[in-house]
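Okay, here's what each chain looks like letter by letter:
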Amino acid sequence: MSDHANAAREPATTSAKEIVISVRDLVVQFGEHRVMDGLDLDVFRGEVLGFVGGSGQGKSVLMRAILGLLRKRSGVIRLFGQDRDALPPRQLRALEQRWGVLFQNGALFSGLTVRQNIQMPMRENRNISQRFMDDLAMLKLDLVGLPPDSADKLPAELSGGMVKRAALARALALDPELVFLDEPTSGLDPIGAAEFDELIGTLQKTLGLTVFMVTHDLDSLYSVCDRVAALSGGKVIGVGSMREMLASDQPWLRAYFHGTRGSRLIGSLGRGMGGREPA
Amino acid sequence: MRSTLAIGEDKTIRKLFGHAPRFSARPAPAIARNEPRRGVMATELEAGPPELSRRDSGDVRRIALTGAWILRASRLLERKADEIISQGRGARAVVVDMSAIANLDTAGALALNRARNELVRAGVAASFEGARPEHQILIKQTAIEIAPPPRPEPTNLFVDLLADLGLSVVNALREYYRGMGFLGEFIAAIGRILVRPDLFRGTSLVYQIEMFGFRSIPIIVLINLAVGAIVAQQGIFQLARFGATIYSVDLIGILVLRELGVLLTSIMIAGRSGSAITAEIGSMKMREEIDALRVMGLSPIEVLVVPRVLALIVSIPLLTFIADMAALFGGLLVSWGYGDISPTTFLVLLKDAIGVNTFLVGLIKAPFMALVIGLISTEDGLATLGSAESLGRQVTAAVVKSIFMVIILDGLFAMFFAAIHY
């Protein structure tokens, strides 16, 4: 389904979609505990991939392994077609500027104001004037829906939802091509979460962002994700559009999407989904 | 919803340009026929740096943009945006033609918007033309009025200086007041524990004694051995000029037992354990663990402060005793090797030089030192605010204050003991 959507959006590119993240045969092990057991996953350019899985199944572990924050036992992770293990440090640094990460708890630098947090990646990696950086920081704040007066606040003075937004603004500071979001809507009120989803959708459309989103929020999965991948037992047990996931017979997927909360949502959204995915 | 929107966009593009849309957001047209993709970096380089060309047609000045108007162009992006302003200034109307832009991101769009606003302010009718739909969205999104950050009011240096001075005096007084309040809370908590012994946390106390006391023994022994040896060497060396070498034993005995043993131990513990206490309690404060204790109806003073301070009150006298012995032993070794005073002679001379009171003077001070270190480090830990920087500041402040107070207290004790001839 999403193939159609993508094809409609990118007719000029060749039919083969570019793979931005490619994970092959990934094994991650903590002591005796094997968290990732031969995991394969592809993320295509321009899509929003929702990544679901039970608590403790290692969704964040996969994200951290892709980002290089965790050592993997074996397997190959390619980002933008480049194997990060094989890259010399300078190229790796250039590669790392092409993505932004929103950590689960924001991970804003607590000693810096929001403005300084957003300017940090710009200051370190780009040579631009302070005035332009100030303007850009204010723009990013506006993009993520934070009021201008939050610019000079410290992270400790912000509410949980504002921290998330500020962290997203920092993740977007360098206009990355790829954004990792670790549970972006957790801890947000429904209105805030819906706005966040919409924001991600808009950014994805305007900037051609590729989004890798770890989430438990079924609303997000419905409203922004082009494809959904489900993790269980250290493997991806299913990838596909939301519709395919709902149709799947896989027991875990059925339990996840057709559980009490899931079916309540399907009931209410069933009609609305037609527009999202043209048949 | 979005994919239908995307299809809609396609149609508009066809209508507008009469050709298939060149998708623009990322893959620049140039690389479609290109050898194996090397990712966007390469494509962005191929799209070329931001450029502009100017063409006048009648009253209207057309500025055509090409290349990649993106943040990666860094300073060049700003310079080119300024160039739009300088090129456009003086014309009646300026049309910025965006149809040939290869890439645009929020930074580029912001720079273009800024340029346009600048021109409009200068009385030029500036507008964009030929922007692709996604670029239009970007331009629209970035067309916000950005209020310049408020400038701090210019102030008088002298007034600032006075204000700072006043503030630090007030803060020092406040801190003293808070410290006294904390001491009161601590005493009240001890009182509660005495009334209800089941509130006493024995396990925690033993654990803290192990951490602060037992594990400090090696470093305390090492330092005091060295200091005892140095004092002995200096004593023998300096007193030899008067032929009074044997008085070096008096020097070692009195100095070590009355002052050095307890002082070195306290300073060492303030640095080693005091900092650990502040950091531990401070990070608990940062992660709302202290609040969690409070809402469970537990008092952080009883749960965290009392066991730590009591552990220090038990540990420091014990460590002081060990320190005294180590320093005397170091003195003995040097006297033997450097001053030709045999161990037997050393012990006999030492026995004559000191009394039980000499030894007790040092030991009496130890629990008070412990109390000061414990209270300062726990209080500073609890005063930590949300940021990592604040934690660092608190730890530094705790250690500096503890050591300072230890030395002040030692001076007060010296005056006190001198006054009562003890």
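Scoring rules and cut-offs
Residues numbered from 1 in each chain as written. Chains lettered and ligands numbered in written order. Predicted model: local features only at pLDDT ≥ 70, side-chain atom pairs only at ≥ 80, totals over all residues. Helix = DSSP H or I, 4+ residues; strand = E, 2+ residues; numbered from the N terminus. Buried ≥ 20, exposed ≤ 12 C-beta atoms within 10 Å, placed from the backbone. Contact = placed C-beta atoms within 7 Å. Pairing = 2+ DSSP bridges. Axes fitted to C-alpha atoms, helices over the stretch in contact; angles between N-to-C directions. Core = buried A, V, L, I, M, F, W, Y, C linked by C-beta atoms within 7 Å. Parallel < 35°, antiparallel > 145°, perpendicular 65-115°, else oblique. Left-handed = near helix turned anticlockwise from the far one by under 90°. pLDDT = per-residue confidence, 0-100.

**Student:** Account for the overall build of chain B, naming residues and giving values.
**Tutor:** Looking only at helices and strands, chain B features 14 helices and five strands. For chain B, with 422 residues in total, the buried portion stands at 38%. Relative to all contacts within chain B whose residues are 6 or more apart in sequence, the contacts with residues 24 or more apart total 81%.

**Student:** Any chance you could break down the overall build of chain A for me, citing the residues and the numbers?
**Tutor:** Secondary structure summary: chain A contains twelve helices and ten strands in total. Going through the 279 residues of chain A one by one, you find that 45% of them count as buried. Restricting the contact set of chain A to residue pairs at least 6 apart, pairs at least 24 apart contribute 67%.

**Student:** Requested: an account of the sheet that holds strand 8 (residues 210–214) of chain A, with residues and values cited.
**Tutor:** Residue and element names in this part refer to chain A. Within the open sheet, the six strands sit side by side as 6-7-8-3-9-10. Their pairing is mixed. The outermost strands of the open sheet, each flanked by one partner alone, are strand 6 (99–102) and strand 10 (235–240). Pairwise comparison of adjacent strand axes, ignoring direction, gives a mean angle of 15° for this sheet. Looking at chain direction, strand 9 (residues 227–232) and strand 10 are connected through five bridges and run antiparallel. Opposite alanine 229, over in strand 10, you have valine 239 as the bridge partner. The strands touched by helix 2 (residues 59–67) within the sheet are strand 3 (48–53), strand 6, strand 7 (178–182), strand 8 and strand 9, with strand 7 carrying the most contacts at an inclination of about 150°.

**Student:** Go over the nonpolar core with me, naming the residues and quoting the values.
**Tutor:** Membership of the largest hydrophobic core comes to 109 residues, with the highest contact counts inside it found for Leu49, Ala169, Val211, Phe212 and Met213 of chain A together with Trp69 and Val96 of chain B. Counting residues in each nonpolar core, the second largest holds 54 residues, with Leu260, Ala311, Ile341 and Leu391 of chain B among its members.

**Student:** Tell me about the packing of helix 9 (residues 247–286) of chain B against helix 12 (residues 343–353) of chain B, residues and numbers included.
**Tutor:** All names here are of chain B. Between helix 9 and helix 12, whose axes approach to 9 Å, the crossing angle comes to 60°. If you check the angle between helix 9 and helix 12, you find them oblique. Note on packing geometry: the crossing formed by helix 9 with helix 12 is right-handed. Contacts between helix 9 and helix 12 involve Val249, Asp250, Gly253 and Ile254 from the first element and Phe346, Leu349, Leu350 and Ala353 from the second.

**Student:** So, the pairing of strand 1 (residues 51–57) of chain B: which residues are in play, and what are the values?
**Tutor:** Consecutive residues of a regular strand have side chains that alternate between opposite faces of the sheet. The element strand 1 of chain B is largely exposed, with a buried count of zero among its seven residues. The hairpin turn running from strand 1 of chain B into strand 2 (residues 60–69) of chain B, its antiparallel successor, is two residues long, and glycine 58 of chain B in that turn takes a positive phi close to 65°.

**Student:** Account for the confidence of the model for chain B, naming residues and giving values.
**Tutor:** Residue and element names in this part refer to chain B. Scored by pLDDT, chain B has a mean of 84; 88% of the residues are at 70 or more. Per-element averaging of pLDDT across chain B places helix 1 (residues 2–17) at the bottom with 38 and helix 8 (residues 217–239) at the top with 95. pLDDT under 50 marks residues 1–45. Its contacts with residues more than four places away, or in other chains, come to 63 contacts. The ipTM, which scores confidence in the relative placement of chains, is 0.72 for this predicted complex, and the corresponding pTM is 0.70.

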